[in-house]
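Listed below, chain by chain, are the residues.
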Amino acid sequence: MIRIPCPFCGTRDHSEFTYGGDASITYPALDAPKEEWHDAVFLRDNICGPQLETWHHVHGCRMWLVIERDTMTHEIMSVRPANPKLSALFEDNSEADQ
Amino acid sequence: MTRFSAWTVFWNGLTGQKGWGRQWRDPEPKSHYDVVIVGGGLHGLATAYYLAKNHGVTNIAVLEKGWLGGGNAGRNTTIVRSNYGRPGNREFYEESLRLWENLSHDLNYNVMFSQRSHIALLHSPGAIDAAARNYNTMRLTGTPDAEIWDLPTLKREVPHLNYSATARFPIMGAAVQKRAGTARHDAVAWGYARGADQLGVDILQQCEVTGVKRTEDTVTELETSRGPITAGKVAFAVAGNTSRLWTMAGLGRLPIESHKLQAFVSEPLKPLLDQVVVFGVGGAHFYISQSDKGGMVFGGDLDWYKSYAQRGNLPMVQDGCEAAMSILPCLGRVKLLRHWSGVVDMSMDGTHFICKTPLSNLYLNAGWNYGGFKASPASGWYFADLIANDRPHERIQSFDLKRFERGIQIDERGAGPDPKLHG
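Just so it is clear, the structure is predicted and the values come from calculations on it, not from any experiment. (Residues numbered from 1 in each chain as written. Chains lettered and ligands numbered in written order. Predicted model: local features only at pLDDT ≥ 70, side-chain atom pairs only at ≥ 80, totals over all residues. Heavy atoms only, no water.)

Enquirer: Whenever I open this one, the overall build of chain B confuses me. Can you help?
Expert: Within chain B, the secondary structure is distributed over 10 helices and 18 strands. Over its C-alpha atoms chain B spans a radius of gyration of 22 Å, differing by no more than 12% from the 22 Å that the globule rule assigns to 423 residues. By residue count, 56% of the 423 residues in chain B fall in the buried class. Across chain B, the fraction of contacts at a sequence separation of at least 24, relative to all contacts at a separation of at least 6, is 74%. For chain B, the exposed area adds up to about 17,200 Å²; of that, 52% sits on carbon and sulfur atoms. Within chain B, one finds 45 positive and 40 negative side-chain charges whose respective centroids are separated by 4 Å. (Helix = DSSP H or I, 4+ residues; strand = E, 2+ residues; numbered from the N terminus. Rg over C-alpha atoms; globule rule 2.2 N^0.38 Å. Buried < 20%, exposed > 50% of the residue type's maximum accessible area, 1.4 Å probe, protein only. Contact = heavy atoms within 4.5 Å. Areas by Shrake-Rupley, 256 points an atom, 1.4 Å probe, with all protein chains shown as cover. Lys, Arg positive; Asp, Glu negative; His and termini not counted. Charge placed at Lys NZ, Arg CZ, Asp CG, Glu CD.)

Below, the structure written as structure tokens:
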């Protein structure tokens, strides 16, 4: 069992979450050439080691998270909300705490 | 090399079983081979065997980073079937099943292929209609043994299932392929290894590829843990780790993610289940058969997150056992003996790749998703054909990396470009 420290709910079993996928993908503009769309939709880095990925806390706060996790050891390096504004808020708070 | 026959078994029985030698050599790597196949799993070994047998290429090395049969060859549920629906797939897997039917004779090695029927349970009139459509398509495209069974037939043939009318998903019938079944996974690896070795192929175990040297459009040399090896042609057959090797060759990204799939075996029981039974409804995904040793061999879904670790997680153990209990409640007191996990290439449409690559002397065999075991004979057969003739046989033309660019996906489940959903 992977234990995921959800920023909203605390540390929970991974079975409360669903795995989204590679969080490093940025989708091109809607009118971008179809080759760019092909690359974004179909190609993956498929990293063996730390990678950014999305998880959905579907049986908890229902927030989407971006997690840095090692795909070989399953160790989790960092967790933040996927929403950039929320994520920035969390960073401000943690700086204030320090 | 001893050729196995009833006579050699009889003779060795009388002479203290002393006449059996090594089944394949353990050679030192040469500095150059005509063809180097990276990956000594079922697909790599089958490729080497058919390259030597069908195409007369014998200066071949198969590089295996671990030991034979230690990767996904030893981490599956050994099910062989050809009940596929999409054009391309169904012909390919039917071809594979035909090779399975003669494999023990061809290899002179008993792969214990047991055509015990593959029974997919159906739980609603809609599911029966959909299965009838699929299985009719199979009958029209060269798979003659597809049948739909009604409930009385199913009860007669497989008496121990949970036929309760009050079950969450009562059983209403089954889609059956009678020539499908199971095989002994180790024996397939060993049989192909022995067959290839007899034809002169060097099988190099504990030989991991650590680097790929190349020019603009060719692979020139492989750096391995047992020294550098140059090759005329290089073939990758390393499902699970394809992306790592691809990156090593500097070729960028692939339409593949590595996920892990678990399987389980119980303590041995007396004969209980004569067929492969599949249960897939309402989110469950479960397949079970009984091995020749008596263990109940079963499996289910992926672990749901990307991983290169060859170890499974506990929620899926629970999932598998829950499904077992809902379909075969008689297993309630049976102990689980072992569970294992293999890393599989999940591709973007759930279908594999046997194709040429951007490099002129590099060939790719990858992306086997859940289905690599059953495919191994045909995969080896056509991959060998591709390497020998440097052009894809018409049977494998659709299994290339460019199909997504052409807007063509061979998506059996209709799940879309999300690798984890192609189970």
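Enquirer: Hey, could you run me through the confidence of the model for chain A in this one?
Expert: Do not read the predicted coordinates in detail wherever pLDDT is low. Scored by pLDDT, chain A has a mean of 93; 95% of the residues are at 70 or more. When pLDDT is averaged over each element of chain A, strand E5 (residues 64-70) of chain A comes out on top at 98 and helix H2 (residues 84-97) of chain A at the bottom at 78. (pLDDT = per-residue confidence, 0-100.)

Enquirer: I'm lost on the sheet that holds strand E4 (residues 50-56) of chain A in this one. Help?
Expert: Within a sheet, neighbouring strands are paired by backbone hydrogen bonds and run either parallel or antiparallel to one another. Residues and elements named next belong to chain A. Pairing is antiparallel across the open sheet formed by 4 strands, whose spatial order is E3-E4-E5-E6. Of all strands in the sheet, those with a lone pairing partner are strand E3 (18-22) and strand E6 (76-81), marking the two edges. Pairwise comparison of adjacent strand axes, ignoring direction, gives a mean angle of 30° for this sheet. Of the pairings in the sheet, the one linking E5 to E6 comprises 5 bridges and is antiparallel in character. Bridge pairing in E6 places glutamate 68 opposite serine 78. (Pairing = 2+ DSSP bridges. Axes fitted to C-alpha atoms, helices over the stretch in contact; angles between N-to-C directions.)

Enquirer: Just to check I follow, could you spell out the side chain of B:Asn361 for this structure?
Expert: Residues and elements named next belong to chain B. Along the polypeptide, asparagine 361 turns up in the loop between strand E17 (353-356) and strand E18 (362-366). We classify asparagine 361 as buried; its relative accessible area is 9%. Within polar-contact distance, the side chain of asparagine 361 engages the backbone nitrogen of valine 219 at 2.8 Å. Beyond its immediate stretch of four places on either side in the chain, asparagine 361 contacts Asp217, Thr218, Val219, Ala231, Gly232, Lys233 and Val234. (Polar contact = N/O pair within 3.5 Å; in protein donor to acceptor, adjacent residues only side chain to side chain.)

Enquirer: Help me out: how do you make sense of the pattern of salt bridges in this one?
Expert: Opposite charge on two side chains permits pairing when their charged atoms draw close. All names here are of chain B. The tally for this structure, following the rule as stated, stands at 25 salt bridges over all chains. With a shortest N-O distance of 3.2 Å, glutamate 94 and arginine 98 are connected by a salt bridge. Taken together, the residues span about one helical turn, with glutamate 94 and arginine 98 both in helix H3 (residues 89-101) at a distance of 4 residues. Glutamate 94 gets classed as buried once you look at its relative accessible area, which sits at 4%. A cluster of three or more residues bridged by salt bridges with shared partners is formed by Glu94, Arg98, Glu101, Asp145 and Arg179. (Salt bridge = Lys/Arg side-chain N within 4 Å of Asp/Glu carboxyl O.)

Enquirer: Would you mind going over the pairing of strand E2 (residues 60-63) of chain B with me for this structure?
Expert: Two faces, one strand: in a regular strand the side chains alternate between the faces of the sheet. All names here are of chain B. Where burial is concerned, the two faces of E2 agree: the one with Ile60 and Val62 and the one with Ala61 and Leu63 are both buried. Pairing analysis gives 4 bridges linking strand E1 (residues 32-38) to E2, with the strands arranged parallel. The partner of isoleucine 37 across the bridge, within E2, is valine 62. By the bridge criterion, 3 bridges tie E2 to strand E8 (residues 202-204) in an arrangement that is parallel. Looking at the pairing, valine 62 lines up with isoleucine 203 of E8.

Enquirer: When you look at the interface of chain B and chain A in this model, what are you seeing that I'm missing?
Expert: A common way to express how large an interface is: the accessible area buried when the components associate. In this complex, chain B contributes 25 residues to the contact, which on the side of chain A involves 23 residues. Across the chain B-chain A interface, the total number found is 1 salt bridge. B:Glu257 is paired through a salt bridge with A:Arg44; the nearest N and O atoms lie 3.4 Å apart. The interface formed by chain B and chain A contains 17 residue pairs in polar contact (both at pLDDT 80 or more). Mapped by element, the contributors of at least two residues to the side of chain B that touches chain A are helix H8 (242-248), strand E12 (256-268) and strand E15 (295-306) of chain B.

Enquirer: Looking at this model, I keep getting lost on the confidence of the model for chain B. Mind explaining?
Expert: Put simply, chain B has an average pLDDT of 95, and 100% of its residues get 70 or more. Interface confidence for the predicted complex, expressed as ipTM, amounts to 0.92; the pTM equals 0.95.

Enquirer: Quick question: what am I supposed to make of unusual backbone geometry here?
Expert: Glycine aside, a negative phi is what most residues show, and trans is what most peptide bonds show. Residue and element names in this part refer to chain B. Phi at tryptophan 304 takes a positive value of approximately 80°, unusual for a residue other than glycine. Note on placement: tryptophan 304 falls in strand E15. Within the chain, asparagine 369 stands out as a residue other than glycine whose phi angle is a positive 50°. Relative to the elements of secondary structure, asparagine 369 occurs in the loop between E18 and helix H10 (372-389). A relative accessible area of 6% places asparagine 369 in the buried class.

Enquirer: Teacher, can you tell me more about the packing of aromatic side chains here?
Expert: Aromatic rings in a pair are described by how distant their centres are and how their planes are angled relative to each other. For the structure on display, the rule yields 24 aromatic pairs over all chains. Judged by centre distance (5.3 Å) and plane angle (75°), the ring pair of A:Tyr19 and A:Trp55 falls under edge-to-face. Remark: A:Trp55 occurs in strand E4 and A:Tyr19 occurs in strand E3; sequence separation between them is 36 residues. Under the relative-accessibility criterion, A:Tyr19 is labelled buried at 5%. A relative accessible area of 1% places A:Trp55 in the buried class. Judged by centre distance (3.9 Å) and plane angle (10°), the rings of B:Tyr84 and B:Tyr93 are stacked. B:Tyr84 sits in the buried class, given a relative accessible area of 11%. The buried category is assigned to B:Tyr93, whose relative accessible area is 4%. Counting every residue linked through ring pairs, the aromatic cluster contains B:Tyr84, B:Phe92, B:Tyr93, B:Trp368, B:Tyr382 and B:Phe399. Stacked on the ring of B:Phe169, the Lys or Arg B:Arg168 has its end atom at 4.3 Å from the ring centre. Against the face of B:Tyr308 rests B:Arg244, its NZ or CZ located 5.4 Å from the ring centre. (Phe/Tyr/Trp six-rings, centres within 6.5 Å; stacked < 30°, edge-to-face > 60°. Lys NZ or Arg CZ within 6 Å of the ring centre and 35° of its normal.)

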